[in-house]
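For reference, the chains in residue letters:
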Amino acid sequence: MIRAPGRTLRAQLVYLWVLVRRFKVTFFSLALLVFGGGTLMWRLYAHIGQPISWSRAVFGAYFLLFAQPTMEIPDYGPLEVLYTVIPPLGIVTVAEGLVRFAFLFFAKTRNDKEWFAVLAQTLKDHVIVCGAGRVGFRVFEQFVKLDVPMVVIERDEEAPFVSAIRAANVPVLIEDVRAARALEQANIKAARAIVCATDDDLANLNIALDARRMNPGIRVVMRLFDDDLVAKTKEAFQVEAYSTSALAAPALAAAALDPTIRNSFEVGGRLMVVAELQVDALLDGRTVAELRDECGTLVVHVVRGDGSVLFDPAGSFRLGRGDRVTIQATLSAYQELRARMGRAA
């Protein structure tokens, strides 16, 4: 997922300001050492009858930060102490503050929490995916295919899919998803939907309630392990709740019946199947419309014998020997078609 240049630049500027605020003590210490130390040096030189300009004194204090004095040290105790104290304080401040500041800002791969939070704040009409486990990662893959902007929240920095998600330039916030702060960092108020895909039913319920409280109009989709909770949750909270076991069961059962079945799902209490068939004598020469009207079967994808691919073919398209078709039908209609193909063979 590639970020728009304008949004990336805005994120960089916001992130710079976030870092400046985070390292405010460092910058204050540097200013104190340079300008405060320079002012004190200016007064001390004037006191011993060797006046220098204030700008030269500040310039000298700046180079003392790096243990590089630019002026001779007079035989005067307070100035000797000043020349002795500034270098170690400057080196510590630069090493501990500025170097880390530069690393966080210029690092090619930013794993800094604030960077991902800033990226999230630049998004609008995005989707928040809670949980970077197997289900969350599959959801992420689908959104990437659909080019949907998203933010992923995961509490474990070492989760196996975190690095792969970040490699796609998708912000990953390392936070406990049950904390309201995590949703705020993910810019919940500007999000269009949230997918609660952790492996904890209670956590998913808490996330859904917090999301609705913070953004009443957001669409909530929830993964639940307990089948009994699915219907109750849908009715009580007006969210889309799904049981992964219930979703997988039709596909597993249909695949056990016929190896050509690739997927299955329920619509209106009926089991629909998606299957891949080789065009035989029964299907050869038939149009897509004829197959739909006579067999109740929709052709959604055709791979021609020459390797060309056609999605959603027109009703007038004729199938030919060597074609491979992907169809969608009720299980009963599909079984009847398979039986007819077996008799025609």
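Everything here concerns the structure above.
Model, not experiment: these values are computed from the prediction.

*Asks:* Looking at this structure, I do not really get the pairing of strand β9 (residues 298–303). What am I missing?
*Replies:* Residues in a regular strand project their side chains so that they alternate between the two faces of the sheet. One ladder, built from five bridges, connects β9 with strand β11 (residues 324–330); its direction is antiparallel. Among the inter-strand pairings, valine 303 is bridged to a residue of β11, identified as arginine 324. Here β9 hands over to strand β10 (residues 309–311) after five residues, with glycine 307 in that stretch at a positive phi of 95°.

*Asks:* Got a minute to help me understand the sheet that holds strand β8 (residues 270–278) in this structure?
*Replies:* The strands that make up a sheet pair up through hydrogen bonds in the backbone, lying either parallel or antiparallel. Strand order across the open sheet formed by five strands is β7-β8-β11-β9-β10, with antiparallel pairing between neighbours. Looking at which strands have only one partner, the edges of the open sheet turn out to be β7 (261–267) and β10. Taking each pair of neighbouring strands and ignoring which way they run, the sheet shows an average axis angle of 20°. Direction of pairing for β8 relative to β11: antiparallel, over a ladder of seven bridges. Following the sheet pairing, glutamine 278 is matched in β11 by arginine 324.

*Asks:* Help me understand the state of the cysteines in this model?
*Replies:* What we call a disulfide is simply a covalent bond connecting the sulfur atoms of a pair of cysteines. Tallied over the full model, the rule gives zero disulfides. Cysteine 130 supplies the cysteine sulfur nearest to cysteine 196, a cysteine that is in no disulfide, at a spacing of 5.3 Å. Exposure remark for cysteine 196: the relative accessible area of 0% places this residue in the buried category.

*Asks:* What exactly am I supposed to notice about a nonpolar patch on the surface here?
*Replies:* There is a patch of nonpolar side chains on the surface, built from Phe35, Trp42 and Trp54 and spanning about 300 Å² of accessible area. Summarising the element assignment, phenylalanine 35 is placed in helix α2 (residues 24–47).

*Asks:* I tried to follow the layout of surface pockets on my own but got confused; where do I start?
*Replies:* By rolling a water-sized probe across the atoms, one finds the places where empty space is left. Estimated volume of the second largest pocket: approximately 350 Å³. In terms of lining, the second largest pocket is formed by 20 residues, of which the most central are Gly131, Glu154, Arg155, Thr198 and Asp199. For the lining of the second largest pocket, the secondary structure elements donating two or more residues are α6 (134–146) and β2 (150–154). Here the lining of the second largest pocket is composed, by residue class, of eight nonpolar, three polar and nine charged.

*Asks:* I would appreciate a short explanation of the packing of α2 against helix α3 (residues 54–64) in the present structure.
*Replies:* It is the contact of α2 with α3, at a shortest axis distance of 7 Å, that shows an interaxial angle of 125°. Between α2 and α3, the interaxial angle falls into the category oblique. Once α2 is placed against α3, the crossing between them reads as right-handed. On α3, the residues touching Leu33, Val34, Phe35, Gly37, Gly38, Thr39, Met41 and Trp42 of α2 are Trp54, Ala57, Val58, Ala61, Tyr62 and Leu64. Residues belonging to the contact of α2 with α3 are distributed by class as follows: 11 nonpolar, three polar and no charged.

*Asks:* Explain the nonpolar core to me, please; I cannot follow it from the model alone.
*Replies:* For soluble globular proteins, nonpolar side chains are generally found buried alongside one another. Within the largest apolar cluster, 26 residues are counted, with the highest numbers of intra-cluster contacts made by Ile128, Ile153, Leu183, Ile188, Ile194 and Met222. Among the elements of the structure, β1 (127–130), β2, α8 (180–185), β4 (193–196), α9 (201–214) and β5 (219–224) are those that each provide at least two residues to this core. Among the elements that take part in this core, α9 stands out by supplying five residues, more than any other. In this structure, isoleucine 128 is in contact with Val151, Ile153, Ala186, Ile188, Ala191, Ala193, Ile194 and Val195, ignoring residues within four places of it in sequence. Membership of the second largest hydrophobic core comes to 22 residues, among which are Val273, Leu283, Val288 and Leu291.

*Asks:* Would you mind showing me how to read the side chain of threonine 326 here?
*Replies:* Along the chain, the position of threonine 326 falls in strand β11. Setting aside its immediate chain neighbours within four residues, threonine 326 contacts Val274, Ala275, Glu276, Leu298, Val299, Val300 and His301.

*Asks:* Help me understand unusual backbone geometry in this model?
*Replies:* Of all residues except glycine, most have a negative phi; of all peptide bonds, most are trans. The backbone phi angle of aspartate 147 is positive, close to 60°, even though this residue is not glycine. Looking at aspartate 147, the relative accessible area reads 58%, which means it is exposed. Within the chain, aspartate 312 stands out as a residue other than glycine whose phi angle is a positive 45°. The class of aspartate 312 is exposed, set by a relative accessible area of 62%.

Conventions used here
Residues numbered from 1 in each chain as written. Predicted model: local features only at pLDDT ≥ 70, side-chain atom pairs only at ≥ 80, totals over all residues. Heavy atoms only, no water. Pairing = 2+ DSSP bridges. Helix = DSSP H or I, 4+ residues; strand = E, 2+ residues; numbered from the N terminus. Axes fitted to C-alpha atoms, helices over the stretch in contact; angles between N-to-C directions. Disulfide = S-S within 2.5 Å. Buried < 20%, exposed > 50% of the residue type's maximum accessible area, 1.4 Å probe, protein only. Patch = residues over 30% accessible without salt bridge, like charges linked within 9 Å, V, L, I, M, F, W, Y side chains within 5 Å. Areas by Shrake-Rupley, 256 points an atom, 1.4 Å probe, with all protein chains shown as cover. Salt bridge = Lys/Arg side-chain N within 4 Å of Asp/Glu carboxyl O. 1 Å grid on protein atoms, 1.4 Å probe; cavity = no way out; pocket = protein on both sides within 12 Å on 5 of 7 lines; lining within 4 Å. Points joined across faces, edges and corners; volume = space filled by probe spheres on them. Nonpolar A, V, L, I, M, F, W, Y, C, P; charged D, E, K, R; others polar. Parallel < 35°, antiparallel > 145°, perpendicular 65-115°, else oblique. Left-handed = near helix turned anticlockwise from the far one by under 90°. Contact = heavy atoms within 4.5 Å. Core = buried A, V, L, I, M, F, W, Y, C linked by side-chain atoms within 4.5 Å.

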